[in-house]
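Here is what each chain is made of, one letter per residue.
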Amino acid sequence: MRHWIVVPAAGSGRRFGGGVPKQYLELGGRPVIIHALERLLCSNPVALVVVVAPGDEYWQRLAGRDDPRILTAVGGAERIDSVRAGLALLAGRAAPEDPVLVHDAVRPCVTPDDIRALLAAADHPGGAVLAVPVADTLKRVDTTGRVTATESRAGLWAAQTPQLCRYGALVAALAGAGGAAITDEAAALEAAGHHPRVVPGRRDNIKITWPADLALAAAILAAQERA
Ligand code: CTP
Ligand code: MG
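This report concerns the structure included in the present document. (Residues numbered from 1 in each chain as written. Chains lettered and ligands numbered in written order. Predicted model: local features only at pLDDT ≥ 70, side-chain atom pairs only at ≥ 80, totals over all residues. Heavy atoms only, no water.)

**Section: the side chain of Gln23**
Move 1: Residue position: Gln23 is located in the loop between β1 (4-9) and β2 (26-27).
Move 2: Classification of Gln23 by relative accessible area gives buried; the value is 3%.
Move 3: Within polar-contact distance, the side chain of Gln23 engages the backbone oxygen of Ala9 at 3.0 Å.
Move 4: Discounting chain neighbours no more than four positions away, the residues touching Gln23 are Ala9, Ala10, Gly11, Pro31, Val32, Ile33, Ala105 and Val106. (Helix = DSSP H or I, 4+ residues; strand = E, 2+ residues; numbered from the N terminus. Buried < 20%, exposed > 50% of the residue type's maximum accessible area, 1.4 Å probe, protein only. Polar contact = N/O pair within 3.5 Å; in protein donor to acceptor, adjacent residues only side chain to side chain. Contact = heavy atoms within 4.5 Å.)

And the structure:
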């Protein structure tokens, strides 16, 4: 079955800080985003849309982005706006029933095996998402830092990307979605009444959010190369 990929890469990395957006920082000799793109392209999509910030010079100058399957769109203020822009570029190319994967540019350690496992769930009508069961003990904390409760971990999973959905259903769900609670595609699908399923992923598919995550990602990539 043919599929498409959208890679939101238009964020400015406020939590990470620094001058260069985190998706363009070097990781094991190559930019973070290049690792993600190479792994995604292994799944052989018809096309992969990278969604970048308006006037993004890092993307324009980036080496290794010359694969003919890579298209570029311009993103918006929130991640959901960027994903919408990427999907809009596929209008008239992707059929409503074609699967689309959405993957954050800042998850460079995703494995081709996990991408295959997710694509194998393409028949699920509500979409699918790579996720791992929550491992930490969860504390509810008030604004003064006082623990008010220990929450049960039972049935709690941490959602990763890629996330998968049929093109038509995803466009419709994102068109109706809004608000700060919609931080991933699955949340938009849920708000539209769908029930995405989880596909168990790997704990090393981390998102680079804070500076310490970059060294962690480097260690993960090195370990994956040795395995
Ligand atoms: N993203 C995007 N458009 C936005 C915001 C985020 O395409 N307006 C992308 C980021 O580039 C990243 C992914 O969405 O690949 C996940 O977002 P996150 O980790 O939150 O990155 P940033 O938004 O850049 O970081 P922060 O929230 O700390 O500012
Ligand atoms: Mg963000």
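**Here we look at the layout of surface pockets**
Move 1: Considering only enclosed or pocket space, the largest pocket measures out at about 910 Å³ in volume.
Move 2: Around the largest pocket, the lining comprises 34 residues; the ones closest to its centre are Gly11, Arg15, Glu78, Arg79 and Lys207.
Move 3: Looking at the lining of the largest pocket, the elements with two or more residues in it are β1, α3 (79-89) and β10 (157-166).
Move 4: Tallying contributions element by element places α3 first for the lining of the largest pocket, with 5 residues.
Move 5: Grouping the constituent residues of the lining of the largest pocket by class yields 11 nonpolar, 12 polar and 11 charged.
Move 6: The space that makes up the second largest pocket amounts to roughly 270 Å³. (1 Å grid on protein atoms, 1.4 Å probe; cavity = no way out; pocket = protein on both sides within 12 Å on 5 of 7 lines; lining within 4 Å. Points joined across faces, edges and corners; volume = space filled by probe spheres on them. Nonpolar A, V, L, I, M, F, W, Y, C, P; charged D, E, K, R; others polar.)

**A look at the side chain of Thr111**
Move 1: If you trace the backbone, Thr111 turns up in the loop between β6 (99-102) and α4 (112-119).
Move 2: On the basis of relative accessible area, Thr111 is assigned to the buried category, the value being 10%.
Move 3: Apart from the residues within four sequence positions on either side, Thr111 is in contact with Arg39, Arg202 and Gln224.

**Side note on the environment of Leu90**
Move 1: With respect to the helices and strands, the residue Leu90 is situated in the loop between α3 and β6.
Move 2: Residue class for Leu90 comes out buried when judged on its relative accessible area of 0%.
Move 3: For the pair Leu90 and Ile5, spaced 85 residues apart in the sequence, the C-alpha separation amounts to 9.6 Å.
Move 4: When neighbours within four sequence positions are excluded, Leu90 is seen to be in contact with Trp4, Val6, Val49 and Tyr167.

**Regarding the sheet that holds β6**
Move 1: The strand order β5-β4-β1-β6-β10-β7-β11 describes an open sheet built from 7 strands, whose pairing is mixed. Each having just a single partner strand, β5 (70-74) and β11 (197-200) make up the two edges of the open sheet. Averaged over all pairs of adjacent strands, the angle between their axes in this sheet comes to 30°, without regard to strand direction.
Move 2: Relative to strand β4 (residues 48-52), β1 runs parallel, the two being bridged by 5 bridges. Note on β4: the bridge partner recorded for Val6 is Val49.
Move 3: Lying on the sheet, helix α1 (residues 32-41) is in contact with β1, β4 and β5; it crosses β4 at an angle near 160°. (Pairing = 2+ DSSP bridges. Axes fitted to C-alpha atoms, helices over the stretch in contact; angles between N-to-C directions.)

**Remarks on the site of ligand 1**
Move 1: In the region of ligand 1, 19 residues are neighbours, and Pro8, Gly13, Arg14, Ser82 and Lys207 sit closest.
Move 2: Measuring from an oxygen atom of ligand 1, one finds a backbone N or O atom of Gly11 at 2.9 Å.
Move 3: In this structure, Gly76 approaches ligand 1 through a main-chain N or O atom, which is 2.8 Å from a nitrogen atom.
Move 4: Summarising the interface, the protein chains cover 90% of the accessible area of ligand 1, which totals 560 Å² for the free molecule.
Move 5: Applying the majority rule of atoms within 2 Å of the grid points places ligand 1 in the largest pocket.
Move 6: Mapped onto the shell around ligand 1, the elements with two or more residues apiece are β1 and α3.
Move 7: Looking at the shell around ligand 1 residue by residue, the classes come out as 6 nonpolar, 6 polar and 7 charged. (Near = heavy atom within 4 Å. Areas by Shrake-Rupley, 256 points an atom, 1.4 Å probe, with all protein chains shown as cover. Sits in = over half its atoms within 2 Å of the grid points.)

**Regarding helix α5 (residues 167-176)**
Move 1: For α5, the complete set of buried residues consists of Tyr167, Leu170, Ala173 and Leu174. On an axial view of α5, the arc spanned by its buried residues comes to 135°, and they lie on one face. Residues of α5 that are exposed and point over 90 degrees away from its buried face: Ala172, Ala175 and Gly176.
Move 2: Buried residues along α5 sit in contact with α3, β6, β10 and α6 (185-191). (Arc of directions from axis to C-beta.)

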